[in-house]
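These are the residues of each chain, in order.
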Amino acid sequence: MKLAGITDSHIKLAAKEIDFSGIQHNSINNKYWVKVGKREYPFKYLTNEAYKLANNTKEDLDFQSTKPYRDYVEGLGFKIKFYPQNLNFFKGYEIEDYNKVAGLKYRKSNDENVRYSKLILPNVKKINFWAANSLIEDFYAQKDNHWQWSGTFKSYLWIRIYRKGGSKKVYFVLGINEDGNLSIHLNCQRSNHTGGKTKALPQHLINNFDSYLNDADYSPKYITPEILKNYNWETLIEFTQNYFYDYASLYDELESLIKTIDLTATKQQFTLFPSNIPDETKSYVNRQRSFKGQKTNWSKKQVVSSKLGLLGEELVIHIERKKLEKIGLTDKAEKVEKKLDGEGYDILSFDENENEIYIEVKTTTGNSDEPFYLSINEKVFCDLNRDKYMIYRLHNYNYQNKTAKIYKVSGKELYTFDLLPTNFEVSKSTQK
């Protein structure tokens, strides 16, 4: 056998040399890994290095990773682990190697810098693998094999996850952060990249993003090296996919938020800017359907929608009270109020003749061509109160300044729109 002559001492010595110099880039992907002490090494690469030590040669050994060869190494007292992913899992010692140089200057002329650049390569490979295998429907990962930029070791290693067709200004991030933890969170484009080709968001939109995220039902995920020991590829990927599902709706809200027309230049707050009823809106009911499965966290989605709805109602109450105070109806302004869920509308207010009006508020951070939705309860209430019913359609909502554009639809005008069913009650009756 070609491995004859290799002893456990050669294996241990080869492992020490690899600890110092790192694993060659083309050897990191491997299904079989040898455990030496608390560390793991690609079977073929470690065995080849041990062969060269045992035979005092610099020539590589031409052999395949077959069971007899693996049995030989196991017979020397070393456990061999199998990773069907063709890559072993994150290791704390590899992350420690990265943390030693994260954020420091990198110079090709510095042998120690070059050595560490090789030691941190497994982290880069694993982050890309983690991202590529954690994707959910309609999302993709932007591969990144860079571990340094502008002559500096990156202070963090991350991969961005985008929704297809999106702005690429909002993204999920996963990677290794400055504290040496695996990290998953939402972020936005805060600085220029790729020589200025990728522009940062304007500061007011970054502020909108941060404010919205701060108030949302959201939390980033950090996995410390100690907790990481409880994970493997399967459990980490499953956890990450569930995280993406949980916050996909929030991602979409943030995408809409950063597309908001800049109303901050007016320096106004709590303002509604009049717009026209659109000639045509989108229809998600009439879209072509692929019938492909898609997992959605409806509880998280409802939280996001409810939060935006409440913000829109808050803005309308403020504006309605100001309107009535301006025309001298202070007593009526004091009676403008939010109604309870189930009453068929959101806000009780009054017109200039002191007549009650029933306002249903529909709010989006998107444009005016976004459709809105009525519950059956809201539609029946509108049917019974067409002369007093009003829909205030708020669009391009600006979270930071609490401003929006608005068009209004009366109860009578509503029936010039297409009212399309989105759900059906399925029941059975004895009546014919």
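Let me begin by describing the structure that accompanies this report.

What counts and how
Residues numbered from 1 in each chain as written. Predicted model: local features only at pLDDT ≥ 70, side-chain atom pairs only at ≥ 80, totals over all residues. Heavy atoms only, no water. Core = buried A, V, L, I, M, F, W, Y, C linked by side-chain atoms within 4.5 Å. Buried < 20%, exposed > 50% of the residue type's maximum accessible area, 1.4 Å probe, protein only. Helix = DSSP H or I, 4+ residues; strand = E, 2+ residues; numbered from the N terminus. Contact = heavy atoms within 4.5 Å. Pairing = 2+ DSSP bridges. Axes fitted to C-alpha atoms, helices over the stretch in contact; angles between N-to-C directions.

Here we take up the nonpolar core. In terms of nonpolar packing, the biggest core is built from 105 residues, with Phe-90 and Trp-233 touching the most fellow members. It is helix α9 (residues 233-258) that contributes the most residues to this core, 12 residues altogether. Aside from chain neighbours lying at most four places away, what touches Phe-90 is Asn-123, Lys-126, Ile-127, Trp-130, Ile-176, Leu-182, Leu-228, Trp-233 and Leu-236. Among the nonpolar cores identified, the runner-up in size contains 11 residues, and Tyr-345, Tyr-389, Ile-391 and Val-409 belong to it.

All right, on to the sheet that holds strand β1 (residues 32-36) then. On the basis of which strands lie adjacent, the open sheet formed by three strands has the order β2-β1-β3 and antiparallel pairing. Edge positions in the open sheet fall to β2 (39-42) and β3 (79-82), since each of these has one partner strand only. Adjacent strand axes in the sheet meet at a mean angle of 35 degrees when their direction is disregarded. Pairing geometry for β1 and β3, over four bridges, is antiparallel. Residue Lys-35 lies in a different strand from β3, and its bridge partner there is Lys-79. Packed onto the sheet, helix α2 (residues 43-54) meets β1, β2 and β3 and runs at close to 85 degrees relative to β2. Sitting on the sheet, helix α3 (residues 67-75) touches β1 and β3, and the angle it makes with β3 is about 135 degrees.

The five strands are arranged β4-β7-β8-β9-β10 in an open sheet whose pairing can be described as antiparallel. Of all the strands in the sheet, the pair left with one neighbour each is β4 (139-142) and β10 (221-223). Strand-to-strand twist of the sheet, defined as the mean angle between neighbouring strand axes without regard to direction, takes the value 25 degrees. Across seven bridges, strand β8 (residues 170-176) lies against strand β9 (residues 182-188) in antiparallel orientation. In the strand pairing of β9, Ile-176 is matched with Leu-182. The sheet strands contacting helix α6 (residues 121-132) are β4, β7 (157-163), β8 and β9, and the helix crosses β7 at an angle near 20 degrees. Most of the contacts of α9 go to β8, to which it runs at about 145 degrees, and overall it touches β4, β7, β8, β9 and β10.

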